[in-house]
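# Secondary and tertiary structure notes
Residue strings, one per chain:
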Amino acid sequence: MTLEYITSLIATGESETLEFKQTTGRRREATRTMCAMLNHQGGQVLFGVTPKGKVVGQDVSDSTIEDVSGEIQQLDPPVFPAIERVPVEEDQEVIVVSVNQGQMKPYSYRGIAYRRVGNTNLSMSRDEYNQMLFERMHSEQRWENQPATDWSVNDLDIAEIHRTVDEAIRRGRAEDPGTRDPEALLRGLGLIKGGVLLRAAVVLFGTTERIEAEMPQGLLRVARFRGVDRTDFLDNRQFRGNAFTLLTRAERFMIENLPIAGRIIPNIFERVDEPLYPPVALREALANALCHRDYSIGGGSVAVAIYDDRLEVTSSGSLHFGLTAEKLFETHESLPWNPLIAGVFYRRGIIEQWGRGTLKMAELTTSAGLPQPEIEDVSGCVTVRFRPSQYVPPQRVGRDLTERQQAILAMLDQAGQGLALREIYAQMKLQASQRQVREDLAILKMLGLAVSTGRGWDARWNRL
């Protein structure tokens, strides 16, 4: 490290990853900063630089370095940062202490854990400390890598195992093992340890019969609601099975229940009918939910809810490793809560492994002219929400709606302030008599999709 490099560092000013101390007499404060940096993104502490960024240096001897090292030994768990001496004047030096983001978080200094916020250090709350400690323990011992007691290879879907390995080979994400023995294949996928199946193997390949009997969290809940709340179900089902079965069931349900949105291609003036939301984006949301959910919650599940104005994919568990809904739409590291399950999904070609899932969803929806998906982490559940760019009339609400009835709903939505019966008839592009339009409006009112004020031709109609 050179003086030129230090000068360029100082020019950026103190930050989450950089702090100045004028002398090693402030080593206690400096070590507190190192603790906070270890619990955050890592960083550097420079001794011999004033708080305003002036390089003054200090006399540095072996005992000076020993004093700094002795203070660093008060960190728990132990760390061994790089300590460098950089000459700045005749007998003066700057000491640079560099720490990486800690691999054994949370770290504490003299019994207190700190977190870095801007260029300040704050004591970590008990909840923050416990959450970070839980995440550290999770990397070593988690639900998915524990033995699946009383389960054997005979309780798994062998055909699904073969499909997974064959697809991984086809995509170049696995070498051909030269065998199709199920146990050997599971071992290659890291799903057997010491000759015993891991729980991840059951989640991925368990037969529906055993999962129904012994793994309640192998659950998918799907529902289609009338309107924009949960008051009235149009369809409500539950499925149990392994992750691949649930993914297939969820996709099939969405195909059956999502309306088709039409758009006109510019310069060609042809109508193109497409699903309301990009299927690949929905598949990504489902795959993420199945990979990242917390399977230790016995009553947990993945849920798909379709409303008139949105679609939601919800999974049990919260975001971890410092990720937030906002950060998920920025470039971020892939930090799966269930790396064994996510690894098999990656080999199967269902997900990418580099933290691209949420970014891909945003790109696909934006390309389709839709708003970016919303993500919420509330009450122990993560929800991904898709919204259309405009109102799309339902095709079925207790009964099939005709194309004309759907057109009327779209017309009422666009008008906003309501339309008189004569205005609706005048704007109707589909061939219809006045009596048919009046009957359509009566049906929409009976179904709770439209409401009228006034009487006769002067009555004004609005969409509910």
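Criteria and cut-off values
- Residues numbered from 1 in each chain as written.
- Predicted model: local features only at pLDDT ≥ 70, side-chain atom pairs only at ≥ 80, totals over all residues.
- Heavy atoms only, no water.
- Buried < 20%, exposed > 50% of the residue type's maximum accessible area, 1.4 Å probe, protein only.
- Helix = DSSP H or I, 4+ residues; strand = E, 2+ residues; numbered from the N terminus.
- Contact = heavy atoms within 4.5 Å.
- Pairing = 2+ DSSP bridges.
- Right-handed = clockwise from strand over helix to strand, strands pointing away.
- Core = buried A, V, L, I, M, F, W, Y, C linked by side-chain atoms within 4.5 Å.
- Phe/Tyr/Trp six-rings, centres within 6.5 Å; stacked < 30°, edge-to-face > 60°.
- Axes fitted to C-alpha atoms, helices over the stretch in contact; angles between N-to-C directions.
- Patch = residues over 30% accessible without salt bridge, like charges linked within 9 Å, V, L, I, M, F, W, Y side chains within 5 Å.
- Areas by Shrake-Rupley, 256 points an atom, 1.4 Å probe, with all protein chains shown as cover.
- Salt bridge = Lys/Arg side-chain N within 4 Å of Asp/Glu carboxyl O.
- Lys, Arg positive; Asp, Glu negative; His and termini not counted.
- Charge placed at Lys NZ, Arg CZ, Asp CG, Glu CD.
- Expected span 1.5 Å × (residues − 1).
- Arc of directions from axis to C-beta.

Given 3.6 residues per helical turn, the α-helix brings residues three or four places apart onto the same face. Every buried residue of helix α12 (residues 357–367) is listed here: Gly357, Thr358, Leu359, Met361, Ala362 and Thr365. Next to the buried residues of α12 lie α10 (279–292), β17 (374–378) and β18 (381–386). Within two residues after α12, Gly369 carries a phi angle of roughly 80°, on the positive side.

Burial of the side chains of strand β1 (residues 18–21) extends over both faces: Leu18 and Phe20 are buried on one face and Glu19 and Lys21 on the other. Sheet topology note: the β1/strand β2 (residues 42–47) ladder contains four bridges and is parallel. Residue Phe20 lies in a different strand from β2, and its bridge partner there is Leu46. Read as a crossover between parallel neighbours, the route from β1 over helix α2 (residues 27–38) to β2 is right-handed.

What follows is about the nonpolar core. In this structure, Leu186, Leu191, Phe205, Leu311, Phe345 and Phe386 are the most contacted members of the largest nonpolar core, which totals 69 residues. Looking at this core element by element, the count peaks at eight residues for α10. Beyond its immediate sequence surroundings of up to four residues, Phe345 is in contact with Leu204, Ala243, Phe244, Ala287, Leu290, Cys291, Ile350 and Ile351. Listed in part, the 20 residues of the second largest apolar core include Met37, Leu38, Val45 and Tyr107.

What follows covers the packing of aromatic side chains. Going through the model one piece at a time under the given rule, you end up with six aromatic pairs. For the ring pair Phe225 and Phe233, a centre distance of 4.8 Å and an interplane angle of 40° mean the geometry is tilted. With a centroid separation of 6.2 Å and an interplanar angle of 55°, the aromatic rings of Tyr277 and Phe386 are classed as tilted. In this pair, Tyr277 sits in the loop between β14 (270–275) and α10 while Phe386 sits in strand β18, placing the two residues 109 residues apart along the sequence. Each member of the pair, Tyr277 together with Phe386, is buried.

This part is about the side chain of Glu312. Looking at the secondary structure, you find Glu312 in strand β16 (residues 311–316). Apart from the residues within four sequence positions on either side, Glu312 is in contact with Arg230, Ala303, Val304, Ala305, Tyr307, Thr383, Val384 and Arg385.

Judged by pairing direction, the sheet is mixed, and its four strands sit side by side in the order β1-β2-β5-β4 without closing on themselves. Looking at the sheet topology across the chains shown, the edges are occupied by β1 and β4 (82–87). Each neighbouring strand pair of the sheet contributes to a mean axis angle of 20°, computed without reference to strand direction. Along the sheet, α2 contacts β1, β2 and β5 (93–100); its crossing angle with β2, the most-contacted strand, is approximately 165°. Against the sheet, helix α3 (residues 62–72) contacts β2, β4 and β5, and its axis sits at roughly 150° relative to β4.

A few words now on a negative patch on the surface. A surface patch of negative charge is lined by Asp59, Glu89, Glu90 and Asp91. Overall, the relative accessible area of 81% leaves Glu90 in the exposed class.

A side chain of one charge can pair with a side chain of the opposite charge if their charged atoms are brought near each other. The full count for this structure, using the stated rule, is 35 salt bridges. Between Glu19 and Lys21 there is a salt bridge whose closest N-O contact spans 3.1 Å. The buried category is assigned to Lys21, whose relative accessible area is 10%. One salt bridge in this structure joins Arg460 and Glu423, with 3.4 Å as the shortest N-O distance. Placement of the pair is Arg460 in strand β21 (residues 460–463) and Glu423 in helix α14 (residues 421–427), with a sequence separation of 37 residues. Salt bridges linked by common partners bring Asp309, Arg310, Glu312, Glu374, Glu376, Arg385 and Arg387 together as one network.

The end-to-end C-alpha distance of helix α5 (residues 158–170), which contains 13 residues, comes to 18 Å, matching closely the 18 Å that a straight helix rising 1.5 Å per residue would cover. Where α5 is concerned, the buried positions are Glu160, Ile161, Thr164, Val165, Glu167 and Ala168. Seen along its axis, α5 keeps its buried residues to an arc of 165°; they face one direction. In the stretch just after α5, Gly172 is the one whose phi turns positive, near 75°.

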